[in-house]
Amino acid sequence: MLVHSKPPAMEQLSKPNHHRAAFIPLIDLSKPDTKAQLVRACEDFGFFKVINHGVPADLIRDLESEALRFFSLPLSVKAQAGPPDPFGYGDKKIGHNGDVGWLEYLLLTTNSSADYHKFSAIFGLAAEKFRCLVNKYIAAVRKMACEILEMVAEGLRIQQRDAFSKLLMDEQSDSVFRVNHYPPIPGFLESDGRNLIGFGEHTDPQIISVLRSNNISGLQISLKDGRWISVPPDHNSFFINVGDSLQVMTNGRFKSVKHRVVANGSKSRLSMIYFGGPPLSEKIAPLASLMQGEEDSLYKEFTWFEYKKSAHKSKLAVNRLGLFEKIVAS
């Protein structure tokens, strides 16, 4: 089983500033003044926490329970649902460029008609229950993500309220759903105080990410000055990340936040993330309505397919948008 295998080499990470965590924006989606708060959070942090999100607590609990049941199975059994090509079960390896982490994961399509045939040999009749729970959960978090994006559009005074959300609602939307499991680390007490990377630092390439985890710490985000802060866990709330594509569409006004996960070591951490992406053929460029006066675009136009392909060829920590930034003559 994964929990008994040898962990990858320990890496000394810069210590996060726990006191700054109090400044992570908390936004109540039921309040009338939410639009301005959302815009400010996207500009200042690229990351915020939402409450009164409308996702049923029992749905979250049931899906988390099924996911933990899957991850508790022997590795030889779980491996039948792998490798992720692109969807399925993965263990330690992240992508195809040598990145590794102390985790195992499921990468799933958001296509509600997917048959989840890989899981039938493992779950048996329960595979259908798992598929239904995933579909219900994705529908709920996508609805929340679209509502947030529409409030953001209003806050930016974009005439087309669904300028961002329509890309997630499109039948061809290239969105994915990921379930990460960070198991306890063998010999954690002998780790000499060093941290083990659960998931290395990166930004999310899509438009928006909707994340939740069980009540175990590990998530950290990087501030504009390069300092890392730990994000206190809250299993009743959701955390929202601005993705690279949204940064481009707002011409850099919103910031795609760099984040990472440090393995807890002594406790099992489970996180579930919905990555809201556009259709593969969608052209990504700053919205004309957000360009002020003779302001130039900071980015070359690209399709989501081109950016996704480029991102998959790079290591996690690389500034993937760098290849698409316009070089301004001095």
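Residues numbered from 1 in each chain as written. Predicted model: local features only at pLDDT ≥ 70, side-chain atom pairs only at ≥ 80, totals over all residues. Heavy atoms only, no water.

### Things to note about the overall build of the protein
To keep things clear, this is the line we draw: Each helix is a run of H or I in the DSSP string that is no shorter than four residues. Each strand is a run of E no shorter than two, and both are numbered from the N terminus. Here a residue-residue contact requires only that any non-hydrogen atoms of the pair lie within 4.5 Å. Surface exposure here means Shrake-Rupley accessible area, sampled with a 1.4 Å probe, where a residue is shielded only by the protein chains that are shown.
What the protein contains, in helices and strands, is eight helices and 14 strands. Considering only contacts within the protein whose residues lie at least 6 apart along the sequence, 74% involve residues at least 24 apart. For the protein, the accessible area works out to roughly 15700 Å², and carbon and sulfur atoms hold 53% of it.

### What to know about helix α2 (residues 57-71)
Heads up, the condition is: Expected helix span is taken as 1.5 Å per residue step, with the number of steps being one fewer than the number of residues. Three labels apply to residues, based on accessible area from a 1.4 Å probe with only protein chains included: buried if under 20% of the type maximum, exposed if over 50%, partly exposed otherwise in between. Comment: arc refers to directions from the helix axis out to C-beta atoms.
When the terminal C-alpha atoms of α2 are compared, their 21 Å separation across 15 residues agrees well with the 21 Å that a helix rising 1.5 Å per residue should span. Buried within α2 are the following residues: L59, I60, L63, E64, E66, A67, F70 and F71. The arc that holds the buried residues of α2, viewed along the axis, is 160 degrees, so those residues lie on one side. Away from the buried face of α2 by more than 90 degrees, exposed residues A57 and R61 are located.

### Describing the pattern of salt bridges
We count it as follows: A pairing counts as a salt bridge when a side-chain nitrogen of Lys or Arg comes within 4 Å of a carboxyl oxygen of Asp or Glu.
Applying the stated criterion across every chain yields a total of 17 salt bridges. Across the pair R69 and E66 runs a salt bridge whose closest N-O atoms are separated by 3.1 Å. You can see R69 and its partner E66 sitting in helix α2, three residues apart, about one turn around the helix. Residues joined in a network through salt bridges with shared partners are K35, E150, E154 and R161.

### Structural notes on the sheet that holds strand β9 (residues 228-230)
Hydrogen bonds between backbone atoms are what pair the strands of a sheet, whose relative direction is either parallel or antiparallel. So the rule is basically this: We treat two strands as partners when DSSP finds at least two bridges between them. Axis angles are defined between N-to-C directions and span 0 to 180 degrees, where every axis is a line fitted to C-alpha atoms and, for a helix, only to the segment in contact.
In space, the four strands of this open sheet follow the order β6-β11-β8-β9, with antiparallel pairing throughout. In this open sheet, the two strands that pair with only one neighbour each are β6 (197-202) and β9. Neighbouring strand axes in the sheet, compared pairwise and without regard to direction, differ in orientation by 25 degrees on average. Sheet topology places strand β8 (residues 219-222) next to strand β11 (residues 259-262); three bridges connect them, and they run antiparallel. Considered in β11, the bridge of Q220 is made with R260.

### Examining the packing of aromatic side chains
Two numbers describe a pair of aromatic rings. These are the distance of the centres and the angle of the planes. What counts, and what does not: Aromatic rings from Phe, Tyr and Trp, taking only the six-membered ring of Trp, are treated as a pair when their centres fall within 6.5 Å; an angle between ring planes under 30 degrees marks them as stacked, one over 60 as edge-to-face, and anything in between as tilted.
Under the definition given, this model contains nine aromatic pairs. Consider the rings of F47 and F239, whose centres lie 5.6 Å apart with planes at 15 degrees: the pair is stacked. Residue F47 is found in strand β2 (residues 47-51), and its partner F239 is found in strand β10 (residues 238-242); the two are separated by 192 residues along the sequence. The exposure classification of F47 matches that of F239, with both residues buried. Each ring, one from Y307 and one from F324, has its centre 5.3 Å from the other, and the planes form 75 degrees; the classification is edge-to-face. You can see Y307 sitting in helix α8 (residues 304-312) and its partner F324 sitting in the segment after α8, a full 17 residues away along the chain.

### A few points about the sheet that holds β2
Taken in spatial order, the eight strands of this open sheet run β1-β2-β10-β7-β12-β5-β4-β3, and their pairing is mixed. Both outer strands of the open sheet, β1 (26-28) and β3 (88-94), are each paired with one neighbouring strand and no more. Strand after strand, the sheet turns through a mean of 25 degrees between neighbouring axes, direction not considered. Pairing between β2 and β10: four bridges, direction antiparallel. Looking across to β10, one finds that V50 is bridged to F238. Across the sheet, helix α1 (residues 34-44) is in contact with β1, β2 and β10; its angle to β1 comes to roughly 155 degrees. Packing against the sheet, helix α5 (residues 126-155) makes contact with β2, β4 (99-109), β5 (176-182), β7 (208-213), β10 and β12 (269-276), and its axis sits at approximately 125 degrees to β7.

### A closer look at the side chain of T303
Of note, T303 is situated in strand β14 (residues 302-303). Since its relative accessible area comes to 17%, T303 is described here as buried. Setting aside residues up to four positions removed in sequence, T303 forms contacts with L280, S281, E282, K283 and I284.

### Quick look at the packing of α1 against α5
Going by this rule: The cut-offs work like this: below 35 degrees is roughly parallel, past 145 is roughly antiparallel, 65 to 115 is roughly perpendicular, and the gaps in between are oblique.
Closest axis-to-axis distance for the α1/α5 pair is 8 Å, and the angle between their directions is 90 degrees. Taken as axis vectors, α1 and α5 run roughly perpendicular relative to one another. The segment α1 lies against α5, with T34, K35, L38, V39 and C42 engaging I148, M151, V152, E154 and G155.

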